[in-house]
Amino acid sequence: MTWTNDVQSVGELAQRVPANHERFLLGIAGPPGAGKSTLAQRLRVALISAGRPAAVAPMDGYHLRNQVLLARNALARKGEPDTFDAAGFVADLRLLRETPVGSPVSWPLFDRAIDEPTEGGVIVRDERIVIVEGNYLLLTDAEAPGWAEVRGLLDACWYLDAPRPVLTERLLHRHTAGGRTPEQASHKVAGSDLRNADLIAASRHRADLVLTASGRDYRVN
Ligand SMILES: Nc1ncnc2c1ncn2[C@@H]1O[C@H](COP(=O)(O)OP(=O)(O)OP(=O)(O)O)[C@@H](O)[C@H]1O
Ligand SMILES: [Mg+2]
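Owing to the predicted nature of the structure, the values given are computational and were not obtained by experimental measurement.

A. Up close: the sheet that holds strand E8 (residues 209–214). Spatially, E1-E9-E8-E7-E2-E6-E3 is the arrangement adopted by the seven strands of the open sheet, whose pairing is mixed. Looking along the sheet, the strands with just one partner apiece sit at the ends: strand E1 (7–8) and strand E3 (54–58). The sheet contact formed by strand E2 (residues 24–29) and strand E7 (residues 156–161) spans four bridges and is parallel. Each bridged residue has a counterpart across the sheet, and for leucine 26 the counterpart in E7 is alanine 156.

B. Region of the structure containing the environment of alanine 197. With respect to the helices, strands and loops of the structure, alanine 197 is situated in helix H7 (residues 182–201). Along the chain, alanine 197 and threonine 181 lie 16 residues apart, while their C-alpha atoms are 22 Å from each other. Excluding its chain neighbours within four sequence positions, the residues that come into contact with alanine 197 are Pro31, Pro32, Arg164 and Leu167.

C. Spatial organisation of the nonpolar core. Within the largest apolar cluster, 32 residues are counted, with the highest numbers of intra-cluster contacts made by Phe89, Leu93, Trp107, Val132, Leu137, Trp147 and Val150. At the level of secondary structure, the elements contributing two or more residues to this core comprise E2, E3, helix H4 (86–98), strand E4 (105–111), strand E5 (116–124), strand E6 (129–133), helix H5 (149–153) and E7. Tallying contributions element by element places H4 first for this core, with five residues. When near neighbours in sequence (up to four residues on either side) are disregarded, valine 150 contacts Phe89, Val90, Leu93 and Leu137. Ile129, Trp158, Leu171 and Leu209 belong to the second largest nonpolar core, which has 30 residues in total.

D. A look at the environment of glycine 33. Mapped onto the elements, glycine 33 comes out in the loop between E2 and helix H2 (36–49). Separated by 114 residues in the primary sequence, glycine 33 and tryptophan 147 place their C-alpha atoms 20 Å from one another.

E. Highlighting the site of ligand 1. With respect to spatial proximity, 14 residues lie near ligand 1, and among them Gly35, Lys36, Ser37, Thr38 and Arg174 are the closest. Note that an oxygen atom of ligand 1 is positioned 3.0 Å from one of the backbone N or O atoms of glycine 33. With respect to ligand 1, the side chain of asparagine 135 contributes an N or O atom lying 3.2 Å from an oxygen atom. Those elements that place two or more of their residues in the shell around ligand 1 are H2 and helix H6 (164–177). Residue classes in the shell around ligand 1 are distributed as four nonpolar, six polar and four charged.

Reading the values: rules and limits
Residues numbered from 1 in each chain as written. Chains lettered and ligands numbered in written order. Predicted model: local features only at pLDDT ≥ 70, side-chain atom pairs only at ≥ 80, totals over all residues. Heavy atoms only, no water. Pairing = 2+ DSSP bridges. Helix = DSSP H or I, 4+ residues; strand = E, 2+ residues; numbered from the N terminus. Contact = heavy atoms within 4.5 Å. Core = buried A, V, L, I, M, F, W, Y, C linked by side-chain atoms within 4.5 Å. Buried < 20%, exposed > 50% of the residue type's maximum accessible area, 1.4 Å probe, protein only. Near = heavy atom within 4 Å. Polar contact = N/O pair within 3.5 Å; in protein donor to acceptor, adjacent residues only side chain to side chain. Nonpolar A, V, L, I, M, F, W, Y, C, P; charged D, E, K, R; others polar.

Okay, structure coming up:
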């Protein structure tokens, strides 16, 4: 754990990703709306600019399909730990670790436009750095069954935090932009998203580094 509390650009954060690994899996965990996907893509660009090919492998692609959630009466709870295929995610992380650099591993993405995962959205092949980002990378099985193996498959895991009012505002905006009424959006945020955020917050102390956005840069706690 680093206790520097300094502010670093994404380029400086990229320098914290160790070189000379055959393949390095860097996790970025954190609550919904914290900016994980944004940071992962910015880090990827910074690493590539530094001549270090990197790929992003989001946890989001392991959302269970809406049809499956409907059959389980869990559609309204979409986003909670048991609405993902945690076993599939763990298996693919292991595959990523075991596959030599240069051989392809296909990774699903989540398409917000259709609200469903898409198979093979990304192919990881030559990238020695893979940024794995998602909510539940630091949970124990006591917190949510099926997730505990994830941390051991990552070489390091950072945590991206954001103040609760910021999360709330971003999530409300996302839900209304996605077609919910303001009432439906509030209900989803209060009843589901922020509960997930609490669960995730309890896993924050397991991170190697805790970050908070500070303008375009990030504060390192
Ligand atoms: N550093 C930042 N400053 C301001 N806005 C940001 C920042 N990072 C992300 N955002 C905005 O916040 C929203 C959420 O960001 P993003 O989708 O990256 O979050 P996330 O953690 O991946 O969320 P989820 O867990 O739901 O996938 C987006 O609208 C994004 O543009
Ligand atoms: Mg995201």
